[in-house]
2 protein chains.
Amino acid sequence: MEKKNLFGVCPYVTSQKVLTGKWSIYIMYLLAKGPIRFNELQRQMPEEMTHTTLSRQLKTLEEEGLINRIEYAQIPPKVEYSLSEIGEKFKIVLDALEIWGNEYIECMKSKKK
Amino acid sequence: MEKKNLFGVCPYVTSQKVLTGKWSIYIMYLLAKGPIRFNELQRQMPEEMTHTTLSRQLKTLEEEGLINRIEYAQIPPKVEYSLSEIGEKFKIVLDALEIWGNEYIECMKSKKK
DNA sequence: CAGCATCCGGCCGGATACTG
DNA sequence: CAGTATCCGGCCGGATGCTG
């Protein structure tokens, strides 16, 4: 039996692809709180990252259709990012990740002793 | 304010790290069905991948504590992989991913037209 | 303020070959 | 059957500098 590329077919393979970026989950988490501007977003990221990197990640997520980018025609420029419709639905994944992530952290702590 | 590495603190950052591997989600999905042997696992993976690659991914997941590796002392060798306790709890994430992944796939289909 | 162009280095996954 | 050793190429993220 021929093996196939299941991207766009299997939900797990597809999700994996979307979540590959080093920051995608955290960006989605921040956007889930509401629309946010570029610089504010960068400030809230957990680790230092250049705007180049953040910009690239956002562009990828936008191309994947997870987020919306709204540009206001003004000086200085203002751009707001927000979750798209399908991005909003991603919140159930975020919820699950939050629960599991906390359990995992606890689990690791108790093993280190 | 100093930015910090929130691995082991923030559930999202921690989860992201764990899910970076190109195959991690699908492996977890297959293991969630029950214990499975190495070769059988490889056969069920969606795309062709060498055993070297699979072996490395499994080792990583094992080091992270998500899966158990049980080696049976026999010839020919037999090794079974299964979810650890914290790995079992990961199922809620898998469920969320399955739901969202399918919605995402549908969403993309309708946009391509 | 937001973004792009470009360069660079490291890491990760794939391929091949060998071991018990 | 399962795994390791080694090499290699590509991709992705980080750094820097320029644009409107």
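Predicted, not measured: the structure shown is a model, and the values here were computed from it. (Residues numbered from 1 in each chain as written. Chains lettered and ligands numbered in written order. Predicted model: local features only at pLDDT ≥ 70, side-chain atom pairs only at ≥ 80, totals over all residues. Heavy atoms only, no water.)

K.L.:
For this particular structure, what's the right way to read the overall build of chain A?
P.N.:
Scanning chain A from N- to C-terminus turns up six helices and three strands. Walking chain A from its N terminus toward its C terminus, one meets helices and strands in the order α-α-β-α-α-β-β-α-α. In terms of overall dimensions, chain A is more spread out than a globule: its C-alpha atoms have a radius of gyration of 17 Å, far above the 13 Å expected for 113 residues. Counting only C-alpha atoms, chain A reaches 50 × 50 × 25 Å along its principal axes. Counting only residues that meet the buried cut, chain A has 43% of its 113 residues in that class. Total accessible area on chain A stands at roughly 6,600 Å², and carbon and sulfur atoms take up 51% of it. Here chain A contributes 17 positively and 15 negatively charged side chains, and the mean placements of these two sets differ by 5 Å. (Helix = DSSP H or I, 4+ residues; strand = E, 2+ residues; numbered from the N terminus. Rg over C-alpha atoms; globule rule 2.2 N^0.38 Å. Buried < 20%, exposed > 50% of the residue type's maximum accessible area, 1.4 Å probe, protein only. Areas by Shrake-Rupley, 256 points an atom, 1.4 Å probe, with all protein chains shown as cover. Lys, Arg positive; Asp, Glu negative; His and termini not counted. Charge placed at Lys NZ, Arg CZ, Asp CG, Glu CD.)

K.L.:
How do you make sense of the pattern of salt bridges when you look at a structure like this?
P.N.:
Pairing between side chains of opposite charge can happen when the charged atoms of each approach one another. Residues and elements named next belong to chain B. A complete count under the given rule lists eight salt bridges over all chains for this structure. Here Glu 40 and Arg 43 are joined by a salt bridge, their closest N and O atoms 2.4 Å apart. Pair noted here: Glu 40 and Arg 43 are both in helix H3 (residues 38-44), with a separation of three residues, about one helical turn. Glu 40 sits in the partly exposed class, given a relative accessible area of 29%. With relative accessibility at 51%, the residue Arg 43 sits in the exposed group. For the salt bridge of Lys 109 with Glu 106, the shortest nitrogen-to-oxygen distance reads 3.6 Å. (Salt bridge = Lys/Arg side-chain N within 4 Å of Asp/Glu carboxyl O.)

K.L.:
Would you take a moment to explain the relation of the copies chain A and chain B for this structure?
P.N.:
Once turned by 180° and shifted 0.0 Å along the axis, chain A lies on chain B with an RMSD of 0.0 Å. Both copies are brought into coincidence by an operation consistent with a two-fold rotation axis. Identified as the residue of chain A closest to the rotation axis by C-alpha distance is A:Thr20, at 2.8 Å. Most of the interface of chain A is mirrored in chain B, where 100% of its interface residues again form contacts. (Least-squares fit on C-alpha atoms with pLDDT ≥ 70 in both. Contact = heavy atoms within 4.5 Å.)

K.L.:
I would appreciate a short explanation of the UniProt feature "domain: HTH hxlR-type" (unreviewed entry) in chain A in the present structure.
P.N.:
Mapped onto the present numbering, the UniProt feature "domain: HTH hxlR-type" (unreviewed entry) falls on residues 10-109 of chain A. Helix makes up 60% of residues 10-109 of chain A and strand 14%, with an end-to-end C-alpha separation of 34 Å. (UniProt positions renumbered as here; feature names shortened; annotations may be inferred.)

K.L.:
Which parts of the structure should I look at to understand the nonpolar core?
P.N.:
If you look at soluble globular proteins, the nonpolar side chains tend to sit buried side by side. Formed by 68 residues in total, the largest nonpolar core has its most connected members in A:Leu66, A:Ile67, B:Leu66 and B:Ile67. If sequence neighbours within four positions are ignored, B:Leu66 has contacts with A:Trp100, A:Tyr104, B:Val18, B:Met28, B:Leu61, B:Leu83, B:Ser84, B:Ile86 and B:Gly87. (Core = buried A, V, L, I, M, F, W, Y, C linked by side-chain atoms within 4.5 Å.)

K.L.:
Please clarify how the side chain of A:Glu64 should be interpreted in this entry.
P.N.:
With respect to the helices and strands, the residue A:Glu64 is situated in the loop between helix H4 (51-63) and strand S2 (67-72). Despite its burial, A:Glu64 pairs with no opposite charge, the nearest such side chain being A:Lys17 at 8.3 Å. Ignoring anything within four residues of it in the chain, the contact list for A:Glu64 reads A:Lys17, A:Val18, B:Tyr104 and B:Met108.

K.L.:
How should helix H1 (residues 11-18) of chain A be read in this particular structure?
P.N.:
Count 3.6 residues to each turn of an α-helix, and residues three or four apart come out pointing the same way. Counting buried residues along H1(A), seven of its eight residues qualify, which places the element largely inside the surrounding structure. Those residues of H1(A) lying buried are A:Pro11, A:Tyr12, A:Val13, A:Thr14, A:Ser15, A:Gln16 and A:Val18.

K.L.:
Would you mind going over the protein's contact with DNA strand C with me for this structure?
P.N.:
Around DNA strand C, 22 residues are found, and the nearest of them are A:Arg69, A:Tyr81, B:Thr52, B:Thr53 and B:Arg56. Here A:Pro77 contributes a backbone N or O atom positioned 3.5 Å from a sugar or linking oxygen of DNA strand C. Within the side chain of A:Tyr81, a nitrogen or oxygen atom sits 2.8 Å from a phosphate oxygen of DNA strand C. Those elements that place two or more of their residues in the surface near DNA strand C are helix H3 (38-44), H4 and strand S3 (78-83) of chain A together with helix H4 (51-63) of chain B. If you tally residues by element for the surface near DNA strand C, the top one is H4(B), at five residues. Of the residues in the surface near DNA strand C, the class split is seven nonpolar, 10 polar and five charged. (Near = heavy atom within 4 Å. Polar contact = N/O pair within 3.5 Å; in protein donor to acceptor, adjacent residues only side chain to side chain. Nonpolar A, V, L, I, M, F, W, Y, C, P; charged D, E, K, R; others polar.)

K.L.:
For this particular structure, what's the right way to read the interface of chain A and chain B?
P.N.:
It is common to give the size of an interface as the accessible area that goes away when the parts come together. Listed by partner, the interface residues are 49 residues for chain A and 49 residues for chain B. The junction of chain A with chain B conceals about 4,400 Å² of combined surface from both sides, 68% of it contributed by carbon and sulfur atoms. Taken together, the links from chain A to chain B amount to zero salt bridges. Where the side of chain A that touches chain B is concerned, the elements lending two or more residues are H1, helix H2 (24-31), H3, helix H5 (85-89) and helix H6 (91-112) of chain A. At 15 residues, the largest contribution of residues to the side of chain A that touches chain B is made by H6(A). For the side of chain A that touches chain B, the class distribution of residues is 28 nonpolar, 11 polar and 10 charged. (Buried area = accessible area lost by both parts, 1.4 Å probe.)

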